[in-house]
Amino acid sequence: MTAALATAHAASPETPVLLRIDADGVATLTLNRPQARNALSMALMGALQEQLDAIRADPSVRVVILEGAGPAFCAGHDLKEMRADSSRAATEAVFRTCARLMLSLTRLPQPVIARVHGIATAAGCQLVATCDLAICAETARFATPGVQIGLFCSTPMVALSRAVSRKAALEMLLVGEPIDAGEALRIGLVNRVVPEAELDAAVGALAARIAGKARRVLAIGKEAFGRQIEMGLEDAYGYTAEVMTRNMMMADAQEGIDAFLGKRPPRWEP
């Protein structure tokens, strides 16, 4: 296991806003502004973007876990920072930076698992909806509360409306009140709910199961899922048929099939 990585976008050398630990093909990124409920300041978004760019090019990483330090996962954008400079240029920069970050998570070749505890609100809920998978503690709460303060959660809506049903998304957006972990599971915002004491073990077990798969095949599958879901039925079948043909030509597919037929564990390429 490597030591935690302090990024360049830190409040001080002693307090990095983002931590990274790598172990066994899993990179864990920890939002590290606990005193601000891990609100997405420009520095934190910049640090997270920097690490996602590095992970994209790192063949040793097969899975990413995204979590928050302290009592919450993420409370959304840093409203104090935004009010300190409420100019149009500064505001546009915040939302452009956030949009790029969410697209980077979506397009990252490695699957991303959100480990959620405490609150995940506004852009924090957007992070959960954007991640490929999510496991939360029974005590977790989720909300898109912008309507309560006169700022509709329009950018979180993009990820939320793609993760849950239309009516479930609209109810969260129009009412703005928190939902509990059980409701988040029911509408499909998270994959499973566990007691808080079991959260690390559940997330770690899921990450390990995914990390044991072929890296290139995971990347092909994640990209194909994202592209086909936006297509019409006929186009989706045409596209995925081409993807599967390309996949079948890869050494990992041939090794996997031979291992299955030979009743032995596969030996994936690094």
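Definitions and cut-offs
Residues numbered from 1 in each chain as written. Predicted model: local features only at pLDDT ≥ 70, side-chain atom pairs only at ≥ 80, totals over all residues. Heavy atoms only, no water. Patch = residues over 30% accessible without salt bridge, like charges linked within 9 Å, V, L, I, M, F, W, Y side chains within 5 Å. Areas by Shrake-Rupley, 256 points an atom, 1.4 Å probe, with all protein chains shown as cover. Salt bridge = Lys/Arg side-chain N within 4 Å of Asp/Glu carboxyl O. Helix = DSSP H or I, 4+ residues; strand = E, 2+ residues; numbered from the N terminus. Buried < 20%, exposed > 50% of the residue type's maximum accessible area, 1.4 Å probe, protein only. Axes fitted to C-alpha atoms, helices over the stretch in contact; angles between N-to-C directions. Parallel < 35°, antiparallel > 145°, perpendicular 65-115°, else oblique. Left-handed = near helix turned anticlockwise from the far one by under 90°. Contact = heavy atoms within 4.5 Å. Nonpolar A, V, L, I, M, F, W, Y, C, P; charged D, E, K, R; others polar. pLDDT = per-residue confidence, 0-100.

Attention now moves to a nonpolar patch on the surface. Residues Val147, Phe152, Leu170, Leu174 and Val175 make up a contiguous nonpolar surface patch of about 380 Å² in total accessible area. Position of leucine 174 among the secondary structure elements: in helix 6 (residues 166-175). Among the residues examined, leucine 174 registers a relative accessible area of 55% and is labelled exposed.

With that out of the way, let us pick up the packing of helix 3 (residues 88-107) against helix 4 (residues 123-130). Axis angle and axis distance: for two packed helices, these are the angle between their axes and the distance between the axes, and together they describe the pair. With their axes 10 Å apart at the nearest point, helix 3 and helix 4 run at an angle of 20° to one another. Of the possible angle classes, the one that applies to helix 3 and helix 4 is roughly parallel. Between helix 3 and helix 4 lies a crossing whose hand is right-handed. The segment helix 3 lies against helix 4, with Cys98, Met102, Leu105 and Thr106 engaging Ala123, Gln126, Leu127 and Thr130. Counted by class, the contact of helix 3 with helix 4 contains 5 nonpolar, 3 polar and no charged residues.

Next up on the list: the environment of leucine 218. Tracing the sequence through the fold places leucine 218 in helix 9 (residues 215-228). Placed 10 residues apart in sequence, leucine 218 and glutamine 228 show a C-alpha to C-alpha distance of 15 Å. Ignoring any residue separated from it by four or fewer positions in sequence, one finds leucine 218 in contact with Arg62, Pro109, Pro111, Ile210 and Lys213.

In this section: the pattern of salt bridges. Under the counting rule described, the total for this entry stands at 14 salt bridges. Between aspartate 200 and arginine 115 there is a salt bridge, with its nearest N and O atoms 2.7 Å apart. Here aspartate 200, found in helix 8 (residues 199-211), pairs with arginine 115, found in strand 4 (residues 112-116); they are 85 residues apart in sequence, far enough to count as distant. Residue classification places aspartate 200 among the exposed residues on the basis of a relative accessible area of 52%. By relative accessible area, which is 13% here, arginine 115 ends up buried.

Here we come to the confidence of the model for the chain. Detailed reading of the predicted model is not advised wherever pLDDT is low. Within the chain, residue pLDDT values average 94, and 95% of them lie at 70 or more. For the stretch residues 6-11, pLDDT sits under 50, and the model shows 18 contacts to residues farther than four places along the chain or on other chains.

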